[in-house]
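# Coordinates in review
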Amino acid sequence: MKEHQEKRGCVVTGVAGFVGSHLAERLLSLGHEVVGVDNFFSGHPENMASFRDHPAFNFYEKSIAEQNLLEDLTEKHPSLNCCFHLAAIVSVPYSMDHEDETMELNFTATVRLLQSAEKLQFKRFVFAGSAAEYGNDQRLPLQEAYADENTAHASPYGRAKFLGSQKVASSPLGVALRFFNIYGPRQDPRSPYSGVISRFLDMALAEERLTVFGDGLQARDFVYISDVVDAYLLAGGLQDSSFEVCHGIYNIGTGRSTTILELAEIIKALTGNGNAPRFLPERPGDIRFSLASVEAFSKAAGWRAGTSLRDGLRATLQWYREHRPEE
Ligand SMILES: NC(=O)c1ccc[n+]([C@@H]2O[C@H](COP(=O)([O-])OP(=O)(O)OC[C@H]3O[C@@H](n4cnc5c(N)ncnc54)[C@H](O)[C@@H]3O)[C@@H](O)[C@H]2O)c1
């Protein structure tokens, strides 16, 4: 992708998280100023290690629940004109037990930040939406319009993300990227909030049996982190592309479906783990099949996920090998 000439000042909320840290790293490498915000609810300071001391990076340990957050940051950093809003409660089970907190952080705080960005005349506001916005809709592949007021969301997480995406997409500067299952280096395998790939890699490297919930025939659309960051740059208007209509909701996935058993087999082959998987009862609330239609963002911005699952898994595995804590 060709880089846009204009340098932007970017706020990244959730910068100490898995996705936010990769986004900040890339923005800095392209010469943009980055102001990062995180309260370490699920993120870690180590995720920022590669750019913590970059001269164009400033970090604020703050909650997105703070009033006037964007106003205060812009006063200190007048170049800011683009907000990548990723901070959220990311755990579906946690959201079930903490509905009000989830609505407050994932929806109300999003609206507040968006309104501040509009008032401050930011150029873009990019929101991290989720495939959970579709509930258990089985009309695959899932098209953006399928999630609507009638969707039965399986969790407050899905509901809050849906409402957030709607609100953001209705703003002239808003883009909501609906992510499917993102994976890659730095995803925390020990966290109860983490995705299946990081947990499988961790178990495989520990020479344990991979734990599969249900029959393993449930399928997901796994998208690699660097493809996600490419999508972010386009959504933020930071790449030369035909993507001029900057508001809307777009799925970010690969359009390819992989069952959990297929995934387990690939990971076993890559790691040399010969153990048969261990089957546990299906988890309540788990979605059976999830697959993105990726035509809308491809048409709007010329984006496609270019990393194959095997290549992405190899790169992720290498990182886990190098960074696994001693047992
Ligand atoms: N990883 C995925 O597969 C995936 C899929 C769909 C959507 N998403 C969305 O992408 C975003 C990033 O997810 P991730 O996988 O990097 O998760 P993550 O947990 O690694 O990152 C989220 C970050 O937000 C921070 N945070 C939480 N509450 C905060 C608050 N009140 N104030 C400031 N910071 C706060 C956390 O400490 C963490 O660093 C989230 O909005 C998530 O819902 C992720």
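Residues numbered from 1 in each chain as written. Predicted model: local features only at pLDDT ≥ 70, side-chain atom pairs only at ≥ 80, totals over all residues. Heavy atoms only, no water.

### Some details on the packing of helix α2 (residues 69-76) against helix α4 (residues 99-119)
Note the following rule: The axes used here are C-alpha line fits, helices contributing only the stretch in contact, and every angle between their N-to-C directions lies in the interval 0 to 180 degrees. Helical segments are the DSSP runs of H or I of at least four residues, strand segments are the runs of E of at least two, and each set is numbered from the N terminus. Should an angle lie under 35 degrees it is considered roughly parallel, over 145 roughly antiparallel, and from 65 to 115 roughly perpendicular; all remaining angles are considered oblique. Should any heavy atoms of two residues lie within 4.5 Å, those residues are counted as being in contact. The nonpolar class holds Ala, Val, Leu, Ile, Met, Phe, Trp, Tyr, Cys and Pro. Asp, Glu, Lys and Arg form the charged class, and all remaining residues, Gly among them, are polar.
Packing of α2 against α4 leaves a shortest axis separation of 8 Å and a crossing angle of 40°. Looking at the two axes, α2 sits oblique to α4. On the side of α2, the interface is formed by Leu69, Leu70 and Glu71, while α4 contributes Leu113, Ser116, Ala117 and Lys119. Taken together, the residues of the contact of α2 with α4 sort by class into four nonpolar, one polar and two charged.

### Focus: the pattern of salt bridges
Filter applied, for reference: Salt bridges are defined as contacts in which a side-chain nitrogen from Lys or Arg sits within 4 Å of a carboxyl oxygen from Asp or Glu. Note on classification: 1.4 Å probe, protein chains only; a residue is buried when its accessible area is under 20% of the maximum for its type, exposed when over 50%, partly exposed between these limits.
Applying the stated rule across the entire model yields 12 salt bridges. Note that Arg26 is salt-bridged to Asp230, the shortest N-O span being 2.9 Å. Here Arg26 is found in helix α1 (residues 18-29), whereas its partner Asp230 is found in helix α7 (residues 225-235), with 204 residues between them in sequence. Residue Arg288 pairs with Asp215 through a salt bridge whose shortest N-O separation is 2.9 Å. Residue Arg288 is located in the loop between β13 (278-280) and α9 (295-301), and its partner Asp215 is located in the loop between β8 (211-213) and β9 (219-220); the two are separated by 73 residues in the primary sequence. A relative accessible area of 28% means that Arg288 is categorised as partly exposed. Owing to a relative accessible area of 35%, Asp215 belongs among the partly exposed residues under this scheme.

### As for the site of the ligand
Rule in force here: Note on definitions. A residue lies near a molecule or strand when any single heavy atom of the residue is within 4 Å of it. We call two N or O atoms a polar contact when they sit within 3.5 Å, provided that within protein one can donate a hydrogen and the other can accept it, with sequence-adjacent residues counted only if both atoms are side-chain atoms. The Shrake-Rupley method, run with a 1.4 Å probe, gives the accessible areas here. Residue values count only the displayed protein chains as cover.
The environment of the ligand is made up of 28 residues, and the closest members are Asp38, Ser42, Leu86, Tyr157 and Lys161. One of the backbone N or O atoms of Gly43 is found 2.9 Å from an oxygen atom in the ligand. Look at the ligand: alone it shows 810 Å² of surface, and the protein chains cover 93% of it. Elements represented by at least two residues in the shell around the ligand include exactly α1, β5 (124-130), α5 (156-169) and β7 (181-183). Classifying every residue of the shell around the ligand gives 16 nonpolar, nine polar and three charged.

### Re the sheet that holds strand β4 (residues 80-85)
Here is the rule we go by: By the convention used here, strands pair only if DSSP detects at least 2 bridges between them.
The strand order across the open sheet formed by seven strands is β3-β2-β1-β4-β5-β6-β11, and the pairing between neighbours is parallel. Unpaired on one side and paired on the other, β3 (57-61) and β11 (248-252) mark the two borders of the sheet. For this sheet, the mean inter-axis angle between neighbouring strands, taken without regard to orientation, is 20°. Here strand β2 (residues 33-38) runs beside β3; their pairing, made up of five bridges, is parallel. Along β3, the bridge assignment pairs Val35 with Asn58. Along the sheet, α1 makes contact with β1 (9-13), β2, β3 and β4, crossing β1 at roughly 165°. The strands that α7 touches are β4, β5, β6 (174-179) and β11; relative to β6, the one it contacts most, it runs at about 165°.

### Points about the environment of Asn106
Relative to the helices and strands, Asn106 resides in helix α4. Between the alpha carbons of Asn106 and Gly129 there is a distance of 9.7 Å; along the sequence they are 23 residues apart. If we ignore the near neighbours within four places in the chain, the residues touching Asn106 are Ala88, Ile89, Phe127, Tyr157, Ala160 and Lys161. From its side chain, Asn106 meets the backbone nitrogen of Ile89 in a polar contact 2.9 Å long.

### Some details on α5
Keep this limit in mind: Each helix should span, by expectation, one fewer than its residue count multiplied by 1.5 Å.
Over its 14 residues, α5 runs 20 Å from end to end, which matches the ideal 20 Å to within 8%, given 1.5 Å per residue. For α5, the tally of buried residues reaches 11 of 14 residues, placing the bulk of the element in the interior. As for α5, its buried residues are in contact with α3 (92-97), α4, β5, β6 and β11.

### Examining the pairing of β2
Quick reminder of the rule: Whether a crossover is right-handed depends on one test, that the path from the first strand over the helix to the second runs clockwise when the strands point away from the viewer.
Within β2, five of the six residues are buried, leaving the element largely enclosed by the surrounding structure. Here β1 runs beside β2; their pairing, made up of five bridges, is parallel. Opposite Cys10, over in β2, you have Val34 as the bridge partner. At this point the chain moves from β1, through α1, to the parallel β2, and the crossover so formed is right-handed.

### What to know about the nonpolar core
To keep it simple, the criterion reads: Here, nonpolar core means buried Ala, Val, Leu, Ile, Met, Phe, Trp, Tyr and Cys residues that are tied together by side-chain atoms lying within 4.5 Å of each other.
Within the largest apolar cluster, 63 residues are counted, with the highest numbers of intra-cluster contacts made by Phe84, Leu177, Phe200, Tyr232 and Phe297. Top contributing element to this core by residue count: α7, with eight residues. Those residues in contact with Phe84, other than ones at most four positions away along the chain, are Cys10, Val11, Val12, Thr13, Leu23, Leu27, Val126, Tyr232, Gly236 and Leu238. Counting 26 residues, the second largest nonpolar core, distinct from the first, contains Ile64, Leu73, Leu80 and Leu105.

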